[in-house]
Amino acid sequence: MASSVLTRFNRSVRQVDGVALAIALTLLALMVLVPAQASASLRFTLNSLWKVAPFLLLSIGIAAYATASGADNLVAKAFQGKLAVMIPVAAIFGAFSPFCSCGVIPLIAALLSMGVPVAAVMAFWLASPLMDPSMFVLTVGTLGLQFAIFKTVATVGIGLLGGFGTLALMRSGWAIAAFENPLREGVGNGGCGGSRVRNPKPPVWQFWQESERQQKFWQGARKNAWFLGKWMALAFLLESLMIVYVPTEWVQAISGDGGLLSIGLAALVGVPLYLNGYAALPVVEGLISQGMSSGAGMTFLLAGGATSIPAMIAVFALARRPVFIAYLAFAFVGSMAAGFAYTLMLS
């Protein structure tokens, strides 16, 4: 009897949404400790959600359309032809594919197990979590069109750096065995998550003509609305607290001048503090309003997207150590170069 109760309790705990629980507990704590701030943070969060609502709805529609039409199956097209062409195409496809840093792992496993050159896979691997159509739209809504365009260009650039950098490492002879057999022992072929690469199906652009795809669209829209909505709400809630309780002088001292040191610190801070690509946008918006340089904010988003702790764990579990080290090195160097370039562009 006790074990049955414990099993039901564990099951109910697993079903609790961690993000929604974090929002509720934060508001509850504020109501008890600082009632005035609780109402102020709630107003700030709701007003911010209202302002980005058009961008949020558009990003939800784009993601649902990609799923319902099967447009995400086009990723297989990026890994055909000569390597000199494959790397740029893979970087571009990565920047516009709807995969996060962890969700792309089954695809990477499938690609590597199929013998796709690791240089091309690295280009896609690095670019994929940094930008996608939905994130572009939300970046425009929070940080502006110029920031979004530059981040997209930087994403492709980091992919190119990783792809051609990996090719150069292999030709130099560094850890050649690891790059020729990049998967760890016992890693599978991506399972069902990699089927879109192994057995790609042509997209159906007019998905509304098929009832099954219509259902998939609305299911995807509801799923994305909940996912994006809860993360954006948590991010705006954190932003409201950050504006009040994080001294502006701290932000300016750490990452306010846009120099190489501040950009490097932004890259390092992005590892433990990065939540996900969507929730990070309002956080960076708040930091910039407090004095963080736009270049450091760019670096935070790029470095955090590729090297957040969940992403690093996934990469470490999948790839051999030299491949893992190369992945981190390309992500850090590329994000810092992009942040410094953005600072120079604005100066």
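Up top is the structure these notes are about.
Only a predicted model underlies this, so the values are computations on that prediction, with no experimental measurement involved.

Draft legend 1. Structural context of a nonpolar patch on the surface. A surface patch of nonpolar side chains, about 970 Å² in accessible area, is lined by Leu 21, Leu 25, Leu 28, Met 31, Val 32, Leu 33, Val 34, Ile 243, Val 244 and Tyr 245. The element best represented in the nonpolar patch is helix α2 (residues 18–33), accounting for 6 residues. Relative to the assigned elements, Tyr 245 resides in helix α11 (residues 211–245).

Draft legend 2. Structural view of the environment of Leu 238. In this fold, Leu 238 is placed in helix α11. Distance in space between the C-alpha atoms of Leu 238 and Val 283 is 7.2 Å, their sequence separation being 45 residues.

Draft legend 3. Spotlight on helix α3 (residues 35–69). In a regular helix each residue adds 1.5 Å, so 35 residues correspond to 51 Å; α3 covers 47 Å between its end C-alpha atoms and thus fits that length. In the structure, α3 departs most strongly from a straight axis at Ala 53, where the bend amounts to approximately 60 degrees and where the proline Pro 54 lies between one and four residues downstream. Among the residues trailing α3, Gly 70 stands out with phi positive, at a value near 80 degrees.

Draft legend 4. Summary view of the pattern of salt bridges. Scanning all chains against the criterion turns up 1 salt bridge. Linking Glu 210 and Arg 213 is a salt bridge whose minimum nitrogen-to-oxygen distance equals 3.1 Å. The class of Glu 210 is partly exposed, set by a relative accessible area of 35%.

Draft legend 5. Representation of the side chain of Thr 142 in the model. Positionally, Thr 142 belongs in helix α7 (residues 133–143). Among the polar contacts made by the side chain of Thr 142, one reaches the main-chain carbonyl oxygen of Leu 138 at a distance of 2.9 Å. Those residues in contact with Thr 142 that sit more than four places away from it in its chain are Val 52, Met 232, Leu 281 and Glu 285.

Calculation notes
Residues numbered from 1 in each chain as written. Predicted model: local features only at pLDDT ≥ 70, side-chain atom pairs only at ≥ 80, totals over all residues. Heavy atoms only, no water. Patch = residues over 30% accessible without salt bridge, like charges linked within 9 Å, V, L, I, M, F, W, Y side chains within 5 Å. Areas by Shrake-Rupley, 256 points an atom, 1.4 Å probe, with all protein chains shown as cover. Salt bridge = Lys/Arg side-chain N within 4 Å of Asp/Glu carboxyl O. Helix = DSSP H or I, 4+ residues; strand = E, 2+ residues; numbered from the N terminus. Expected span 1.5 Å × (residues − 1). Bend = angle between axes of the 7 residues up to and from the residue. Buried < 20%, exposed > 50% of the residue type's maximum accessible area, 1.4 Å probe, protein only. Polar contact = N/O pair within 3.5 Å; in protein donor to acceptor, adjacent residues only side chain to side chain. Contact = heavy atoms within 4.5 Å.

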